[in-house]
Amino acid sequence: MSIDVRSGRAQRRAARLRSHHLVTADENSLLELETFLATLPLCASGRVFIEVPDASDIGVIDAPARMTVTWLARSSRSGAPGTGRSCAPGAALARATCAWADEMLCDSELPTHVTLFGGYLGTADIVEHLTGTLDVPASTISAPERFGLLPAPSTGSGTAI
């Protein structure tokens, strides 16, 4: 006779660990973001960064309760330090996401699924940082295929050379 000692609480925690996400978007990908967030389980956890041109563009996004949504208004941010320039599209998103990843993606016990919506420049910087600096496996990152930033998924057919 076997007794399952896993409590309901432990089972819920295990489900949350399987559903930890880092998600990014900009003002041009809000519909894609909302569609994606609607597909996540209620127990999903993680962080959502959204870059918009101005604070007046900040809205309400429905996300699972354990996910933190951070809006980044370009108009209130500067460009590269010391340049005096304004924040270019994708720059605030890349800076915030990379800083969060540096701090939070240090524990391999909690696998994080990375989903990147938005423009090419910010997405490219994020992919480069995650895969190059933090050694995040490209297989855990999803980005628009048209950007060509990640290896094409293997179909399983053919022979490796």
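Nothing here was measured: the structure is a model prediction, and the numbers come from that model.

Draft legend 1. Spotlight on the overall build of the protein chain. A count of helical and extended segments in the protein chain gives four helices and five strands. Along the protein chain, helices (α) and strands (β) appear in the sequence α-β-α-β-β-α-β-α-β when read from the amino end. The buried share among the 161 residues of the protein chain stands at 37%. Long-range contacts, defined here as pairs at least 24 residues apart, represent 55% of the contacts in the protein chain between residues at least 6 apart. For the protein chain, the exposed area adds up to about 9900 Å²; of that, 54% sits on carbon and sulfur atoms.

Draft legend 2. Just the side chain of Thr-97, in detail. Following the sequence through the fold, Thr-97 ends up in helix H3 (residues 91-104). Given a relative accessible area of 0%, Thr-97 falls into the buried group.

Draft legend 3. Region of the structure containing the environment of Leu-22. Mapped onto the elements of the fold, Leu-22 is located in strand E1 (residues 20-26). Sequence separation between Leu-22 and His-113 is 91 residues; the distance between their C-alpha atoms is 6.2 Å. If near-sequence neighbours (up to four positions away) are discounted, Leu-22 is found in contact with Arg-47, Phe-49, Thr-97, Trp-100, Thr-112, His-113, Val-114 and Thr-115.

What counts, and where the lines are drawn
Residues numbered from 1 in each chain as written. Predicted model: local features only at pLDDT ≥ 70, side-chain atom pairs only at ≥ 80, totals over all residues. Heavy atoms only, no water. Helix = DSSP H or I, 4+ residues; strand = E, 2+ residues; numbered from the N terminus. Buried < 20%, exposed > 50% of the residue type's maximum accessible area, 1.4 Å probe, protein only. Contact = heavy atoms within 4.5 Å. Areas by Shrake-Rupley, 256 points an atom, 1.4 Å probe, with all protein chains shown as cover.

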